[in-house]
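Observations on the three-dimensional arrangement
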Amino acid sequence: MRRVDRQVTDPDQIREIITACTCCRIGLCDNGRAYIVPLNFGIVEKDGRYTFYFHSAREGRKIDLLRQTDWVSFEMDTGHAIVEGEKAHSCTAIYHCVMGGGRVRLLEDPAEKVEGLCALMVHDTGTPKWTFDPALVDRTAVIRLDVEELTCKVRA
C-alpha cells in the first residue's frame, strides 16, 4: 500500500468497516478483460479470517466465469463524502475501503447454502434466525469466498 499512513490494521476497525458496507464488488476475468459485479453479501468471521457469501441466479455470465476460476478479487467501501476546499486542488474525498482476494466456489450442499444465505440475511437485516424453502435453496446459486488477502484503507 502506497499510503501506509491510511492503512488500517486493527482487526476491530476492519470488522466495523466491513460490517458497514452494503455492497461487495467481485472482480473476474472474461477473455482478458475485467468483469466487475456488485453484490450484496454475508460475512462469517472465524479466527480472524473472513468468509463472504453471495447469492445469484444459477445461470449467467458471472456464474459461467466463476466455474472457470477458483480466485476472485473483491472491493467494498463506505463512508463517502467530499470535503470542499477553496480551490480545486484542495478538495478531497473521505472514505473507508477494503480490498483483497481469495478462493471462491459455488456451493452445492444444501446445508452449506443455507449457512451462506443466513449470513447474507444477518448482514442485510441484523436478524439471526431464518428458514428457507428447500426448493428455493435448490434454485439459488450461493457463492463462497474464503478471503486470503485483505487490505483496509481509511481517509478521514
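Source: prediction; values computed, not measured. (Residues numbered from 1 in each chain as written. Predicted model: local features only at pLDDT ≥ 70, side-chain atom pairs only at ≥ 80, totals over all residues. Heavy atoms only, no water.)

1. Things to note about the layout of surface pockets
- Quantified by volume, the largest pocket comes out at close to 230 Å³.
- Lining the largest pocket are 15 residues, and of these Ile14, Gly48, Tyr50, Val147 and Leu150 lie nearest its centre.
- Per-element accounting of the lining of the largest pocket gives the leading share, six residues, to strand E7 (residues 141-155).
- Classifying every residue of the lining of the largest pocket gives seven nonpolar, four polar and four charged. (1 Å grid on protein atoms, 1.4 Å probe; cavity = no way out; pocket = protein on both sides within 12 Å on 5 of 7 lines; lining within 4 Å. Points joined across faces, edges and corners; volume = space filled by probe spheres on them. Helix = DSSP H or I, 4+ residues; strand = E, 2+ residues; numbered from the N terminus. Nonpolar A, V, L, I, M, F, W, Y, C, P; charged D, E, K, R; others polar.)

2. Observations concerning the side chain of Glu75
- By the element assignment, Glu75 lies in strand E5 (residues 71-83).
- Excluding anything up to four places from it in sequence, Glu75 contacts Cys23, Cys24, Arg25, Cys97, Val98 and Met99. (Contact = heavy atoms within 4.5 Å.)

3. Description of the pattern of salt bridges
- Summed over all chains, the structure comprises 10 salt bridges.
- One salt bridge connects Arg103 with Asp70, and the closest N-O pair in it is separated by 3.2 Å. Here the residue Arg103 occupies a position in strand E6 (residues 92-106), and Asp70 occupies one in the loop between helix H2 (61-66) and E5, the gap between them amounting to 33 residues.
- Overall, Asp70 belongs to the partly exposed group, its relative accessible area being 41%.
- The partner of Arg144 in a salt bridge is Asp146, and the shortest N-O contact between them spans 2.9 Å.
- On the accessibility criterion, Asp146 (24% relative accessible area) is partly exposed.
- Taken together, the shared-partner salt bridges in this structure form one network comprising Asp12, Arg15 and Glu45. (Salt bridge = Lys/Arg side-chain N within 4 Å of Asp/Glu carboxyl O. Buried < 20%, exposed > 50% of the residue type's maximum accessible area, 1.4 Å probe, protein only.)

4. Observations regarding helix H1 (residues 11-20)
- Along H1, the positions that sit buried rather than exposed are Ile14, Ile17 and Ile18. In a view along the axis of H1, the buried residues occupy a sector of 100°, so they form one face of it.
- Looking at the buried residues of H1, the elements they touch are strand E3 (42-46), strand E4 (49-56), E5, E6, helix H3 (110-125) and E7. (Arc of directions from axis to C-beta.)

5. Description of unusual backbone geometry
- With phi around 55°, Asn31 is a residue other than glycine that occupies positive phi space.
- Judged by its relative accessible area of 75%, Asn31 is exposed.
- At Asp47, a residue that is not glycine, the phi angle is positive and equals roughly 55°.
- For Asp47, the position within the fold is in the loop between E3 and E4.

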